[in-house]
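Coordinate analysis (summary)
Chain residues, written in single-letter form:
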Amino acid sequence: MENEFSFRTRELELASLERDYFEVAIIGGGITGAGIANILAENNIKTVLFEKNDFASGTSSGSSKLIHGGLRYLQQGRIFEVRRLLKERDYLLKNVDIVKTLNFDILIGKSMWNKYKIKFGLFLYNLLAGKFEIPKYNHNVRYNKNISGYYTYSDGITVDSKLVIYNIVSAKKHGCKCFNYCEVVGINKLSDNISLSVNDANSGKTTTVKSRILINASGPWALNIARKFNIKPDISMKLSMGIHIVLPREKYPAENAIVFRSIIDGRQLFLIPTGEIIYIGTTDKFVDSPEYKNVENEDINYLIKSAEYITGHIDINDILFSFSGIRPLIGKSKDPGKISRDFHISVNENIINVLGGKLTDYRYASRKVARKVGRILNKKITIRNYPYIDYARGKHGDMIKYEIYHECPMKPDDILRRRDAFRIYCPHKVDSMEKQIIDEMRGEGMQI
Ligand SMILES: Cc1cc2nc3c(=O)[nH]c(=O)nc-3n(C[C@H](O)[C@H](O)[C@H](O)COP(=O)(O)OP(=O)(O)OC[C@H]3O[C@@H](n4cnc5c(N)ncnc54)[C@H](O)[C@@H]3O)c2cc1C
């Protein structure tokens, strides 16, 4: 069972959990929790992570999936943040095989951006990434006649849910215990440590787990958890929902990704081609609750109307599906677009709340958190080159079986939506793959 991470090891490890004592317990198996788990495990800190659904089932599978420096943040003067994000982008592009380069055309012309502003912005963007490059203007031959031209630049793209899974598997390999479908339902502060009640959705059993430190990395749920269990962070957080619509690439071809402005309200939007689909997003609307709601027609129409300026007519019946995520945002502004996308860490004795943040920035955030853990435990923490993803899938004859024993899926959708993400990238394969996954899971003795 060496290096096995499956329904079998999950059950065995859950059974021995009450006898264990951890240095750190993490709530949340999104990119924030996964990155922290990975760096702590790499530092031999005895860590356990609980995720109430599947790993990456929250915001970390509903993002735009871009690994980027945030060109748009330059006009808000957030130079240092952009430089840091570009550094993280370049590390991930170089070291993680599921982060790839993607070319973007940023559009110039009526209702889009000013040529000279973008030229200067891109020059600065490249410079902050360590490249001296004068951006080259392209006269429009690709887009509608209102567009006079475009600049092409590059950023990164990934499969967000896979990036989480890779970090989780890597953390597990280094000794962290990681449990999906385990909800933290109670938190008790004892004199010098924390006692958690954890409910396993699979068996219905509740277990008590003891840890020295608690890290609340539950993304959009973080404030609810903090309030409910009286572990208040020192900052306010707002939630904003973003949706994307997905269309077949063969009907809406695109060579490069496109950065454009909505003709409705001037907001920046993306059209991203990948595999056999394109997706268009995103919206940015305050919501009251972290629980996912149905995507509203109003939001779909907004994206269609905005994108039609670039693509020509979009038939609503061509939309294959939509996906959404809820941003945890730090700050109080009334305009969600103006709230910083940066993260915030608050420490209250042995409880650490991590709020906000970006997919791109997860390594930086986890290094910051790891330092704070080191201070509380009075242990030396190595952060240079960490967290490092010590996992790559490679090629295997029976990939589903490989995932069952190395990536701990518990339900067919865990593979269909997050580990292989056929539901997003290869919609035409979903029916046949679903049947195959169910058969294989049953064949391996899983209760499906
Ligand atoms: C529309 C949209 C587009 C975005 N695009 C980008 C982008 O292109 N690039 C980029 O860098 N960033 C992007 N982001 C930001 C990025 O996706 C998020 O910052 C990031 O995914 C947040 O991760 P997280 O781990 O903090 O939260 P989550 O991924 O939501 O993870 C928190 C987890 O905690 C779990 N949880 C909650 N309560 C409990 C409990 N009681 N017990 C156990 N588990 C619990 C949840 O189930 C959830 O899985 C985007 C965000 C949105 C919404």
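Note that the coordinates shown come from a computational prediction; the quantities given were computed from them, not determined experimentally. (Residues numbered from 1 in each chain as written. Predicted model: local features only at pLDDT ≥ 70, side-chain atom pairs only at ≥ 80, totals over all residues. Heavy atoms only, no water.)

**What to know about the overall build of the protein**
Just so we agree on the cut-off: Numbered from the N terminus, helices here are DSSP runs of H or I no shorter than four residues, and strands are runs of E no shorter than two. The contact rule is simple, with two residues in contact once any of their heavy atoms fall within 4.5 Å. Areas reported here follow the Shrake-Rupley algorithm with a probe of radius 1.4 Å; residue values treat only the protein chains shown as occluding. For the charge count, each Lys or Arg is scored as positive and each Asp or Glu as negative, with His and the chain ends excluded. The atom standing in for a charge is NZ when the residue is Lys, CZ when it is Arg, CG when it is Asp and CD when it is Glu.
Looking only at helices and strands, the protein features 12 helices and 18 strands. Its C-alpha atoms give the protein principal-axis dimensions of about 70 × 50 × 40 Å. Summarising the internal contacts of the protein: among those between residues at least 6 apart in sequence, 71% fall at separations of at least 24. Total accessible area computed for the protein in this model is approximately 19,700 Å², and 48% of it derives from carbon and sulfur atoms. Counting 67 positive and 51 negative side-chain charges, the protein places the centres of these two groups 7 Å from one another.

**What to know about the domain arrangement of the protein**
Applicable threshold: Each domain's extent was defined by an automatic or database domain assignment. Reported buried area values correspond to the accessible surface (1.4 Å probe) lost by two parts on association, with both partners' losses combined. Just to be clear on terms, a salt bridge is a Lys or Arg side-chain nitrogen sitting within 4 Å of an Asp or Glu carboxyl oxygen. Under the grouping applied here, Gly and all other residues not named as nonpolar or charged are polar, the nonpolar ones being Ala, Val, Leu, Ile, Met, Phe, Trp, Tyr, Cys and Pro and the charged ones Asp, Glu, Lys and Arg.
The domains assigned to the protein are domain 1 (7–60 + 161–236 + 341–392), domain 2 (91–155 + 238–330) and domain 3 (396–448). Placing a centre on the C-alpha atoms of domain 2 and another on those of domain 3 gives a separation of 30 Å. The interface is formed by five residues belonging to domain 2 together with six residues belonging to domain 3. At the boundary of domain 2 with domain 3, total buried surface from both sides reaches about 510 Å², with 67% on carbon and sulfur atoms. The largest share of the area that domain 2 buries against domain 3 comes from Glu276, Ile277 and Phe321, three residues that together contribute 70% of it. Where domain 2 touches domain 3, the interface holds zero salt bridges. For the side of domain 2 that touches domain 3, the residue count by class is three nonpolar, one polar and one charged.

**Structural notes on a nonpolar patch on the surface**
Our working rule: Within the patch definition used here, like charges are joined within 9 Å and nonpolar side chains (Val, Leu, Ile, Met, Phe, Trp, Tyr) within 5 Å, considering only residues with over 30% relative accessible area and no salt bridge. Accessibility here uses a 1.4 Å probe with only protein chains present; expressed as a share of the type maximum, an area under 20% marks a residue as buried, one over 50% as exposed, and anything in between as partly exposed.
Together, Leu127, Phe132 and Ile134 give the surface a local cluster of nonpolar side chains, amounting to about 340 Å² of exposed area. Following the sequence through the fold, Leu127 ends up in helix α4 (residues 115–128). Accessibility expressed as a relative area gives 40% for Leu127, which makes it partly exposed.

**Considering the site of the ligand**
Cut-off, in case you're wondering: Residue proximity to a molecule or strand is established when one non-hydrogen atom of the residue lies within 4 Å of it. In the analysis that follows, any N or O atom pair within 3.5 Å is treated as a polar contact, provided that within protein one partner can donate a hydrogen and the other can accept it, and provided that, for residues neighboring in sequence, both atoms belong to side chains.
In the vicinity of the ligand, 38 residues are found, and the nearest of them are Thr32, Glu51, Ser60, Leu66 and Gly357. A distance of 3.0 Å is found between a nitrogen atom of the ligand and a backbone nitrogen or oxygen belonging to Val184. One of the backbone N or O atoms of Leu359 is found 3.1 Å from an oxygen atom in the ligand. Alone, the ligand offers 1,000 Å² of accessible surface; in the complex the protein occludes 97% of this. Mapped by element, the contributors of at least two residues to the shell around the ligand are α2 (31–42), β8 (182–189), β11 (237–248) and β16 (321–330). Both domain 1 (7–60 + 161–236 + 341–392) and domain 2 (91–155 + 238–330) contribute no fewer than three residues apiece to the shell around the ligand.

**Side note on helix α1 (residues 7–15)**
Basically, it comes down to this: Working note: the arc is built from the helix axis to C-beta atom directions.
Taken together, the buried positions of α1 are Phe7, Thr9, Arg10, Glu13 and Leu14. Projected down its long axis, α1 shows its buried positions confined to an angular sector of 160 degrees, all on one face. Residues Glu11, Leu12 and Ala15 are exposed on α1 and point more than 90 degrees away from its buried face. The elements touched by buried residues of α1 are α5 (160–173), β7 (177–179), β8, β9 (194–200) and α9 (399–406).

**Describing the state of the cysteines**
Stated precisely, the cut-off is as follows: Only a pair of cysteine sulfur atoms within 2.5 Å qualifies as a disulfide here.
Per the counting criterion, the structure on display carries zero disulfides. Free of any disulfide, Cys182 has its nearest cysteine sulfur in Cys408, 9.4 Å distant.

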